[in-house]
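Below are the chains, spelled out letter by letter.
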Amino acid sequence: MKFNKLHAWNVDYKKAIQIQQTLRDLLIIKKSSGKIDTIAGADVSYDKQSDYFFAGVIVFTLNKYLEQIEEATAIGKARFPYIPGLLSFREAPILLKAFRKLKNEPDIILFDGQGIAHPRHLGLASHMGLILDKPTIGCAKSRLVGEYSPVENAVGSYTKLLYKNEVVGAALRTKINTKPVFISPGHKTNLAFAIRIVMASCYRYRIPEPIRQAHLLVNKLRKESHLQK
DNA sequence: GCGACAG
DNA sequence: ATCTTGTCGC
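Residues numbered from 1 in each chain as written. Chains lettered and ligands numbered in written order. Predicted model: local features only at pLDDT ≥ 70, side-chain atom pairs only at ≥ 80, totals over all residues. Heavy atoms only, no water.

Describe the protein's contact with DNA strand C, naming the residues involved and giving the relevant values.
In the region of DNA strand C, the neighbouring residues are Ser45, Tyr46, Lys48, Lys141, Asn177, Asn219 and Arg222. Counted by atom, the contact set of DNA strand C within 4 Å of the protein is 92% sugar and phosphate. Lysine 141 has a polar side-chain atom sitting 2.8 Å from a phosphate oxygen of DNA strand C. In this structure, a phosphate oxygen belonging to DNA strand C sits 3.3 Å away from a side-chain N or O atom of arginine 222. For the surface near DNA strand C, the elements supplying multiple residues, two or more each, are strand S1 (38-46) and helix H5 (209-226). For the surface near DNA strand C, the class distribution of residues is 1 nonpolar, 3 polar and 3 charged. (Near = heavy atom within 4 Å. Polar contact = N/O pair within 3.5 Å; in protein donor to acceptor, adjacent residues only side chain to side chain. Helix = DSSP H or I, 4+ residues; strand = E, 2+ residues; numbered from the N terminus. Nonpolar A, V, L, I, M, F, W, Y, C, P; charged D, E, K, R; others polar.)

Quick one: what's the story with the sheet that holds S1, residue by residue and with numbers?
An order of S3-S2-S1-S4-S5-S8-S7-S6 is seen for the 8 strands of this open sheet, with the pairing classed as mixed. Each having just a single partner strand, strand S3 (66-77) and strand S6 (158-163) make up the two edges of the open sheet. Across this sheet, the average inter-strand angle for adjacent strands is 25°, counted without regard to direction. Note: S1 against strand S4 (residues 108-111), 4 bridges, orientation parallel. From the neighbouring strand, alanine 42 faces S4, where its bridge partner is phenylalanine 111. (Pairing = 2+ DSSP bridges. Axes fitted to C-alpha atoms, helices over the stretch in contact; angles between N-to-C directions.)

With reference to specific residues and values, describe the UniProt feature "binding site: Mg(2+)" (unreviewed entry) in chain A.
According to UniProt, the "binding site: Mg(2+)" (unreviewed entry) feature falls on Asp43 and Asp112. For the residues just named, distributed over 70 residues, the greatest C-alpha separation is only 6.1 Å, placing them together at one site. Given a relative accessible area of 5%, aspartate 43 falls into the buried group. Residues in contact with aspartate 43, not counting those within four places in the same chain, are Phe54, Ala55, Gly56, Leu95, Asp112, Ala214, His215 and Val218. Mapped onto the secondary structure, aspartate 112 falls in the loop between S4 and helix H3 (124-132). Using a relative accessible area of 18% as the deciding quantity, one classes aspartate 112 as buried. Ignoring sequence-local partners within four residues, the contact set of aspartate 112 consists of Ala42, Asp43, Leu124, Cys139, Lys141 and Ile211. At 3.0 Å, the side chain of aspartate 112 forms a polar contact with the side chain of lysine 141. (UniProt positions renumbered as here; feature names shortened; annotations may be inferred. Buried < 20%, exposed > 50% of the residue type's maximum accessible area, 1.4 Å probe, protein only. Contact = heavy atoms within 4.5 Å.)

Please set out H5 residue by residue, giving values where relevant.
Taking 1.5 Å per residue, 18 residues should reach 26 Å; H5 reaches 26 Å between its end C-alpha atoms and fits that length. Within the sequence span of H5, burial applies to Glu209, Pro210, Ile211, Arg212, Ala214, Leu217, Val218, Asn219, Leu221 and Ser225. The inward-facing, buried residues of H5 contact S1, strand S2 (52-62), S3, S4 and strand S5 (136-140). (Expected span 1.5 Å × (residues − 1).)

Please provide a residue-by-residue account of the nonpolar core, values included.
If you look at the biggest cluster of nonpolar residues, it comprises 25 residues, and the most contacted ones within it are Val57, Leu95, Phe99, Leu102, Phe111, Met128 and Leu132. Counting residues per element, the ones that place at least two in this core are S1, S2, S3, helix H2 (87-99), S4 and H3. For this core, the element with the most residues is H2, which contributes 6 residues. Residues within four places of methionine 128 in sequence aside, it is in contact with Ala92, Leu95, Leu96, Phe99, Phe111, Asp133 and Thr136. In terms of nonpolar packing, the next biggest core, distinct from the first, is built from 24 residues, Ile39, Leu110, Leu172 and Val198 among them. (Core = buried A, V, L, I, M, F, W, Y, C linked by side-chain atoms within 4.5 Å.)

Describe in detail the UniProt feature "site: Interaction with target DNA" (unreviewed entry) in chain A, supporting the description with residues and values.
Under the UniProt annotation, "site: Interaction with target DNA" (unreviewed entry) lies at Tyr82. For tyrosine 82, the location among the structural elements is in the loop between S3 and H2. Ignoring anything within four residues of it in the chain, the contact list for tyrosine 82 reads Leu87 and Arg90.

Encoded structure:
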């Protein structure tokens, strides 16, 4: 699929933050009217030795069950360090390399990270949503910013994630007796719809299936390509 | 200055 | 994120 080059990636810490502050005004946190027939999950795996990392995207139909219709991967080198709040400057380039190979454009995409639950409202999911111009959802395994109350131990229960007097996401229980996941709208969706989509793509695991499958895919890719070097 | 801090 | 086997619990 094609996408917009909104800015350069070879930037420093200060410029990266400037870019985030500019892009946040372009976000649309409303449910888009388009139909949601397909959903995608994306993830990145790292090689501890080298600076190589591996990205993957998998597209599924969104019905009673998920049916995989396409997958794409990419391998590259990390060119930006991991800095909390600047994750997209590290992972977006390699993720885009994988998205670029996709023939089927998913109607909504799940990312392993935050959406607007971010210091400048521009987590990985929001940043990717703007570039791809698609509805996106952030689904993180831990919190970056915001406060929340304990979540009832029942599937589907959630409490709001508040940051600077604003609801930026939710701590959502996708599985009993496991820690909640942190959901936040990325782009072209609101929190309520984001939660609905995540619950609809979650089965017997804590992590929604599209992301879980993408995670398995990139880990397999890393281990296989590691044997050849 | 101290503590927090997606992957 | 990554390094890693068994093991406790639903």
